[in-house]
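Overview (structure and organization)
Next come the chains, spelled out residue by residue.
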Amino acid sequence: MDVILHLGSHRTGTTTFQSYLANNEQTLKRVGIVSWRPKRLRKGMMSGLLGRPDQVTPHGFKRAQRACGLIRMETERMERLGVEHLIVSEENMIGAMRNNLRQERLYPNLAARMDRFRGAFAEKCTRIVLAVRSYDEFWASSLGYAVAAGHSVPMKGQLDRLVTQPRRWRHMVTELSDAFPAAHLVVWPFEAVAGQPEKQLRLMTGTNAALPLKGARAWHHKGHTDADLRALVAERGENEALPLFTGKAERWMPFDRAQQTALRAQYASDIRWLKNGADGCASFVQNPDTTDINEEDQWLADAAAERRASPTRGHLHDGQDSKAARQVG
């Protein structure tokens, strides 16, 4: 049985994909695909595992141990029932969006979080899926979600700190690979699969779109428009923040032109690293229409073995070539 961890990231269509799985749950079961989604996972199955690692109490540690045992039992039960693909879709496994903004870092506690989940999934996890997104759009969408939820509009200082924060997608890829070295780590750009959950499902499982699946174009939790956020801020009486909005019916972009340029350059650097093989850590799906990631399993296994034997594993330099590295798609 394939156990596939779909980790997001946030603001990359995770809710749309989870709703797609829910809408087609029975049809997918008939072809051996079962999904665990946030509604179930957050109610108890992952109790004690989703909180911040630096805030774990002794009681929370015991809850986490019990959760790991429960997950292992349920995973084994799925296997006995003949499930071929178990998709565990929960973006909060890598951290909460509010923590990113509060700590002004890109998933700062990822390594410690994944250490927790090793006890639940390490023996069974065959594939990990991560979506990345251009930093200007990722942070703008995250900030817009926070503002809509009642948080203050970010000022220039916070925006500057998000531009200069040191963590990148490449660090996350390497940390995930370190945590689950035997799993096949797959990365794709949000821009290539936005609003297309059926393509994500095919890439995760190898299942083609011949199934009578529904809801493929039902987008959920789209980013807030500038006009919507301006109206909310005005209603709350935050008049000093109104000049940060244009009032146009388009995506809100709080970063100025220079900040956007810097963030896009960072993303371009990460994409080059992924295209050049990601130091053997991951497959990069550049074109979801022509890629079958299942063909890459043996290559990833060989690359993982080579990384484990190499003393230079985890170096994150642009253009560094790994013997096993090659682009997918």
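Here's a quick rundown of the structure. Keep in mind it's a predicted model, so treat the numbers as computed, not measured. (Residues numbered from 1 in each chain as written. Predicted model: local features only at pLDDT ≥ 70, side-chain atom pairs only at ≥ 80, totals over all residues. Heavy atoms only, no water.)

Further remarks concern the packing of aromatic side chains. For any pair of aromatic rings, geometry is given as the distance between the ring centres together with the angle between the planes. Following the criterion strictly, the structure yields 6 aromatic pairs and no others. Where phenylalanine 138 meets tryptophan 169, the ring centres are 5.3 Å apart and the plane angle is 75 degrees; that geometry is what we call edge-to-face. Taken as a pair, phenylalanine 138 in helix α7 (residues 135–148) and tryptophan 169 in helix α9 (residues 169–179) lie far apart in primary sequence, 31 residues in all. Like tryptophan 169, phenylalanine 138 is buried. (Phe/Tyr/Trp six-rings, centres within 6.5 Å; stacked < 30°, edge-to-face > 60°. Helix = DSSP H or I, 4+ residues; strand = E, 2+ residues; numbered from the N terminus. Buried < 20%, exposed > 50% of the residue type's maximum accessible area, 1.4 Å probe, protein only.)

Taken in spatial order, the 6 strands line up as β2-β3-β1-β4-β5-β6 in an open sheet, and their pairing is parallel. With one partner strand each, in any of the chains shown, β2 (33–36) and β6 (283–284) form the two edges of the open sheet. Both strand β1 (residues 2–6) and strand β3 (residues 85–89) contribute to a ladder of 5 bridges, which runs parallel. Across the sheet, the residue bridging to histidine 6 is serine 89, located in β3. Contacting β1, β2 and β3, helix α1 (residues 14–23) runs over the sheet at an angle of about 140 degrees to β3. (Pairing = 2+ DSSP bridges. Contact = heavy atoms within 4.5 Å. Axes fitted to C-alpha atoms, helices over the stretch in contact; angles between N-to-C directions.)

Counting through the fold element by element, glutamate 123 comes out in the loop between α6 (110–121) and β4 (125–132). Distance from glutamate 123 to arginine 72, taken between C-alpha atoms, is 9.1 Å for residues 51 residues apart in sequence.

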